[in-house]
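The chain contents come next:
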Amino acid sequence: TVPLQKDVEQQQKTLRLKPEALERTLDLDLRQQSDLARSHLLHRLRLIDVPWGRVSRTGRTGSGTFHEIWQLQWQPEFVVSLIEASQWGQTLEVAATACSLEQAHNAKNLRELSELVNQVLLADLAPAVQAITHILENRAAVSGDTLQLLQALPPLANVFRYGNVRQTDTAMVAHMLDSLIVRAAIGLPLACSGIGDDSADNLRTTLLAAHSAVSLRDAPEQTQAWQRALRLMTDSSTVHPLLQGLAARLLLDDGIWQAVDAAQALSLHLSSGTEPLQAAAWLEGFLNRNAMVLLHDNQLWQLVNDWLCSLGETHFVHILPLVRRTFSAFSASERNDLAQRARQGGTAHANSHAAATSSAPPWDFELAALPVPLLQTILGIAP
């Protein structure tokens with residue numbers, strides 16, 4: 001038995017984690033020291049390619065960020081993997097640290113490095129965190145690839161948000177995250193310019209994830225830099241219309257834009273002088289698979305309605321697949337609400353509500369009066 005295997009077996013006994021061939025679920029409360037130590041053990045084993053457990057994303061029995069749900073199943077070949085991993089060190093902590101550093105040197109992009117920082121923090125490997133963060137910082141300093149910078153933000157933001165739950169120091173990660181946000185914001189408008197439809201659709205997912213990462217960081221200077229980049233995107237004539245519309249929606253959701261600003265942008269990009277396919281792409285980005293902005297803002301609803309009604313038959317047939325794809329991303333209840341509002345004429349919500357109220361059947365006062373005596377008894381009110 002090699003020393004690394006002995007160390008793992010000793011930790012399994014200490015933490016009462018018996019290796020079993022049958023799959024079982026382990027619910028860890030990270031506020032408890034014993035459960036936190038179990039989590040460190042499982043994450044360290046994954047770093048040396050011994051996936052005894054995997055974090056389950058379904059069937060949660062706990063709630064909140066303090067819980068971690070694992071699916072455990074020990075395989076016989078893990079013993080061989082431990083023997084192979086003994087080249088990295090004689091204890092699990094040393095071996096996981098050395099192996100993660102080797103992975104960092106071989107990482108192909110910034111996203112891999114940022115995810116590795118997340119993994120070593122989950123495994124509570126402080127020396128590895130410092131070393132890999134330093135490698136990430138050096139790579140980011142000479143990288144001109146905005147897409148890589150954007151992809152590196154979500155893993156680091158996740159570390160920053162949940163690091164305190166694990167009692168880890170995230171100050172170094174916060175410094176790295178701030179630097180990446182500013183650099184990504186500077187290159188964002190250019191990265192969204194002069195690209196095709198497929199590239200824009202792929203970049204939308206990356207952009208939304210990066211925007212969520214900036215919100216998690218919630219640092220005033222970095223948030224302002226990011227919002228400034230979004231405003232530049234909305235004003236640029238070279239940014240893809242899909243991403244232009246998405247930037248406008250993010251500014252509206254964050255309260256930087258008011259409804260009147262969004263209405264002006266809609267009026268501009270959905271005007272008769274705009275090429276219909278570009279207008280449809282802008283609308284798809286602005287709606288962002290969420291119909292609430294149409295359901296609750298009468299002015300925006302009317303602008304979209306007027307634009308669709310103003311299209312000629314040829315243009316309407318030309319853009320119909322794109323518009324239909326946009327609306328197909330809404331939930332069934334949202335589509336039903338949109339259809340009901342369209343049937344009512346698409347006018348102001350107050351008028352629609354009044355029309356619905358006036359068309360309602362009259363009250364049956366005799367039927368309504370039947371429960372009154374019982375209610376008076378329950379509430380103690382004299383008849």
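From a predicted model like this one, the values you see are computed outputs, not experimental measurements.

The rules behind the values
Residues take numbers from 1 onward in each chain, read along the sequence in its written order. With pLDDT at 70 or above as the cut-off, local features in this predicted model cover only qualifying residues; side-chain atom pairs require 80 or more to be listed or tallied, and sums for whole chains, interfaces and linings still use all residues. Excluding hydrogens and water, the side-chain figures rest on all heavy atoms present in the structure. In DSSP terms, a helix is any run of H or I states spanning at least four residues, a strand is any run of E spanning at least two, and both are numbered starting from the N terminus. The globule rule used for comparison is 2.2 Å times the number of residues to the exponent 0.38, while the radius of gyration itself is calculated over C-alpha atoms. Partly exposed describes any residue whose relative accessible area lies between the buried limit of under 20% and the exposed limit of over 50%, with all areas from a 1.4 Å probe on protein chains only and scaled to the type maximum. Here a residue-residue contact requires only that any non-hydrogen atoms of the pair lie within 4.5 Å. Areas reported as accessible are Shrake-Rupley estimates using a 1.4 Å probe. Residue values count occlusion only from the protein chains shown. Asp and Glu count as negative and Lys and Arg as positive, but His and the ends of the chain are not part of the count. Note that the charge is assigned to NZ on lysines, CZ on arginines, CG on aspartates and CD on glutamates. Only centres within 6.5 Å qualify two rings of Phe, Tyr or Trp (six-membered ring in Trp) as a pair; their planes then separate them into stacked at under 30 degrees, edge-to-face at over 60, and tilted for everything else. Along the chain, pLDDT gives the predictor's confidence residue by residue, from 0 to 100. Nine residue types can take part in a nonpolar core, namely buried Ala, Val, Leu, Ile, Met, Phe, Trp, Tyr and Cys, and a core is a set of them joined through side-chain atoms within 4.5 Å. For patch detection, residues must exceed 30% relative accessible area and be free of salt bridges, and they are connected within 9 Å for like charges or within 5 Å for nonpolar side chains (Val, Leu, Ile, Met, Phe, Trp, Tyr). One side-chain nitrogen of Lys or Arg within 4 Å of one carboxyl oxygen of Asp or Glu is enough to make a salt bridge.

(A) Examining the overall build of the protein chain more closely. Tallying secondary structure elements over the protein chain gives 20 helices and 3 strands in all. Here the C-alpha atoms of the protein chain give a radius of gyration of 28 Å, more than 25% beyond the 21 Å that 2.2 N^0.38 yields for 383 residues. If you line up the protein chain on its principal axes, its C-alpha atoms span 85 × 70 × 40 Å. Within the protein chain, the proportion of its 383 residues that are buried is 44%. Across the protein chain, every contact between residues at least 6 apart in sequence was considered, and the portion connecting residues at least 24 apart equals 70%. Accessible area for the protein chain stands at about 20,400 Å²; split by element, carbon and sulfur atoms hold 54% of it. Between the mean site of the 29 positive side-chain charges and the mean site of the 38 negative ones, the protein chain shows a separation of 5 Å.

(B) A look at the packing of aromatic side chains. The final tally for this structure, using the stated rule, is 4 aromatic pairs. Arranged with centres 5.2 Å apart and planes meeting at 10 degrees, the rings of Trp-282 and Phe-286 form a pair that is stacked. Taken together, the positions of Trp-282 and Phe-286, both in helix H13 (residues 276-287) and 4 residues apart, correspond to about one turn of that helix. For the pair Trp-282 and Phe-286, a shared accessibility class is recorded, and that class is buried. Site record: aromatic cluster; members linked through ring pairs are Trp-52, Trp-74 and Phe-78.

(C) Here's a closer look at the confidence of the model for the protein chain. Residues of the protein chain with pLDDT of at least 70 account for 91%, and the chain-wide mean is 85. Here residues 58-63 scores under 50 on pLDDT; set against residues more than four positions off or in separate chains, the count is 7 contacts. Every residue in residues 346-350 is under pLDDT 50, and counting partners more than four places away or in other chains gives 12 contacts.

(D) Fine view of the nonpolar core. Core analysis: the biggest nonpolar cluster contains 102 residues, and Ile-48 and Phe-286 have the highest contact counts within it. Setting aside residues up to four positions removed in sequence, Phe-286 forms contacts with Gly-245, Leu-246, Ala-248, Arg-249, Leu-252, Ala-262, Leu-266, Val-293 and Leu-300.

(E) Local environment of a nonpolar patch on the surface. A cluster of nonpolar residues, Leu-374, Leu-375, Ile-378, Leu-379 and Ile-381, forms a patch on the protein surface that exposes about 530 Å² of accessible area. Among the residues examined, Leu-375 registers a relative accessible area of 46% and is labelled partly exposed.

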